[in-house]
Structures are given as C-alpha cells and as structure tokens.
Amino acid sequence: MLKKLLACFLLLFLCVGCDNATKPKLGISFGVGPAKRWPVEMNLMVERAKELGMDVDARLNKTDTPKTQTEDCIDMIDNGISTLILVPRDANKTDEILDYARKKNVKVLLYARTILGKNLDFFVGYDTYKIGQSLGSHLSEKTYKGSVAILKGDANDFNVPLLNDGAMKYFQPLVEQGDLKIIMDEYIDGWNPEIARKKLTAAIKKNNHQVDAIFAHNDIMAGVAAEVVKELGIKNHVVIVGMDAELPAIKRLVNGTQDATVYMDLKAMAVTAANEAYNLATNKSTNVNAAFDNKSSSKIKAYLVNGKIITRENIDRQLIETGVYTREEVYGK
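It should be emphasised that the depicted structure is a prediction, and the values quoted were computed from it without experimental measurement. Starting from 1, residues in each chain are numbered consecutively following that chain's sequence as written. Restriction of local features to residues with pLDDT of at least 70 applies here, the model being predicted, together with a cutoff of 80 or more for giving and counting side-chain atom pairs; totals for whole chains, interfaces and linings are based on all residues. The basis for the side-chain values is all heavy atoms of the structure; hydrogens and waters are excluded.

1. Some points on the environment of Leu-120
1) Next: Within the fold, Leu-120 resides in the loop between β4 (107-111) and β5 (122-126).
2) Next: Burial classes follow relative accessibility: with a 1.4 Å probe on protein chains only, a residue under 20% of its type's maximum area counts as buried, one over 50% as exposed, and anything between as partly exposed. Judged by relative accessible area, which is 12%, Leu-120 ranks as buried.
3) Next: Along the chain, Leu-120 and Ala-226 lie 106 residues apart, while their C-alpha atoms are 39 Å from each other.
4) Next: Contact criterion: two residues are considered in contact whenever any of their non-hydrogen atoms come within 4.5 Å of each other. Beyond its immediate chain neighbours, meaning those up to four positions away, Leu-120 contacts Leu-98, Leu-110, Thr-114, Ile-115, Asn-294 and Ile-300. Helix and strand assignments come from DSSP, with helices taken as H or I runs of at least 4 residues and strands as E runs of at least 2, each series counted from the N terminus.

Shown next, in the form of structure tokens:
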C-alpha cells in the first residue's frame, strides 16, 4: 500500500513538474522615453499575459542603465522566455537581440515600433501613415496659408517617416502653391523636449517671430510647442497638433492652447500584443488584419490599430463617455 502511495505521489510530482516546464514565459522589453503611456501599456500586457497563464519578465528601460536594452533582452532569453515583446530604443541597433533570439528559438513580436529590413514574427501597432493623414488633413484645413513648423520624433523610430509622409500628403500641395511655408522640419533626437524647445524657438525667431501652425509628433512636444508660443509672445492663434491623447494635452484642448491630438486605444493594443505573444508561444494561429511592409524579404504579419482625432468638441464623447478619463480629470469639476 505504501509503495502505491509513493508511486502516486511521484507521478503527481512529475506531472506538476511537466506543467511548470511547459508553461510559456514572456519577456517584455520597452526601450522608451518619458511618455506616460509606456508604463501603462506594459502593466496591461503583464496583467493579460498572467491571465493567459504565462510567466512574465517585464523591463522598462528608459536610460540604458544599469543595463542596456540589449543586455536586458539577452538576460531574458537566457532565462528561458519563449516569446519577446520588443519596443526598440533604436531600430537600427537590434541585430544582436534578433540574432540571439533566433539562435535560441525565441519568437519576437515588435510593438508600436517596428524594424526595417528584418524578418520578424509579428507586429502590433498603429497605422501610422493613416494617422499622419488625419493630422495633416486637420491642420491644413485650419491653416491653409502661413508658416508651419514640424517637430518630428527620433530619426531611428520607424513610425516617424510614416507619420510625416501621411501629413505631407496634405501639406505638400499647399507648399507647391506657395500658400504654406515650412519653417522647420527636423528630427528630435530621443524625442527630447529640450532639444525640441531649442530648435523650435530658433526656427520661429529666424522667421521674424511668425508661426501659424506646429505639427508635433507627440503630445510631449506639442506641450513644448505651446510653451514656446507663449514664451515668444506670439499673438495670433497657433494651430498645434500632437499625438497620444495624454491628459495634459487634453487639458490644453480645453483651454485652447492645442487644437488636436490622436487617441489610440492603447489598452486594446497592449492586450492584443499579449494575446498574440501567447499565440506565438503556444504555436496557435495569430490574428492578422494587415500585412506590414518593413522592407524585408516578405511582409510581416500584423495587427494594426487606427487612431481617432480628438478635438475640444469631441472630448466628452470619445474620452469621457468611454471611460478613458473622468470629467473631473479633464475639467477639474
């Protein structure tokens, strides 16, 4: 009888061991700047991955210290992850991560920022070109004559040229007609607000303190633009557009110092990334709504999310009634 009990106990122990051994482990690496969205999205991914039964190692790397993003990823791969969700700090410096992941049979899902010229397993992000078109259309309808400054993001972010190209579809005809003058069109290294401030201030001063619109590639730089306009004492209304629908930007919409931003359903996007990472880890079919061209040998399977233009007029309907922000957060009452 004792032998039978011991045998049952041993069998049970082995089964538990098997379950733990086959439990998928997810690595998440964000090489990002100061935008408030990133910690929120990472937490959503972690929560969803754990609901799906995955072990998770998540690392938010803003400064490449005490470890670089590459070191973070190699650590996680060595610790047995089966899938890596990656937001690269520099899309041009990911070869070591991707090569090591491939060597260790770890699948890589790019999130929000993709990489050119590399074969990837999956991409979850927003349809940046269409968002650029929406912002360009909005700005050019408000400012079809005058001077425009363009605060682009980091040159190594694949989304930046797509966003700019989408907007230029509307700007370029006005430029060619002589109605619109672009006084600044520059990348901002590392999405650094202080670099943006210096470059924008210099461009407006050089243009005799004249500016009619500013196309900022995110809401942090849109906030910088609003501050510069105020500091330089610009009297005319300056149309400022940004992206991410961060709460300070929504408050600027209310007080009239920013005209538009773009809201992406970041919760849905983060949860989708966790779902697809689980599918990759467990060899299930992924959910695909686009074939993304990243200039590699074949198009990348992707799930793309479009954004919604947010203005002062639709804050209540798009952000408050849907629970993104409370009325108190937006209006302070």
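Having put the structure on the table, let's press on.
2. Observations concerning the pattern of salt bridges
1) Next: By definition, a salt bridge exists where a carboxyl oxygen of Asp or Glu is found within 4 Å of a side-chain nitrogen of Lys or Arg. Here the structure, examined in full by the defined rule, presents 21 salt bridges.
2) Next: Put simply, Arg-59 and Asp-75 hold a salt bridge, and the shortest N to O gap is 3.4 Å. Highlighted residues: Arg-59 in strand β2 (residues 55-61) and Asp-75 in helix α3 (residues 69-78), separated in sequence by 16 residues.
3) Next: Overall, the relative accessible area of 22% leaves Asp-75 in the partly exposed class.

3. Brief notes about the packing of helix α7 (residues 193-206) against helix α8 (residues 219-231)
1) Next: Here an angle of 0 to 180 degrees is reported between the N-to-C directions of two axes, which are lines fitted to C-alpha atoms, with helices fitted over the stretch in contact. For the pair α7 and α8, the least separation of the axes is 9 Å and the interaxial angle reads 40°. If you check the angle between α7 and α8, you find them oblique. Of the two possible hands of crossing, α7 and α8 adopt the one that is right-handed. Contact residues: Pro-193, Ala-196, Arg-197, Leu-200, Thr-201 and Ile-204 in α7; Ile-220, Met-221, Val-224, Ala-225, Glu-227, Val-228 and Glu-231 in α8. For this classification, under 35 degrees means roughly parallel, over 145 means roughly antiparallel, 65 to 115 means roughly perpendicular, and everything else is oblique. Should the near helix be turned anticlockwise from the far one by less than a right angle, the crossing is left-handed, and should it be turned clockwise, the crossing is right-handed.

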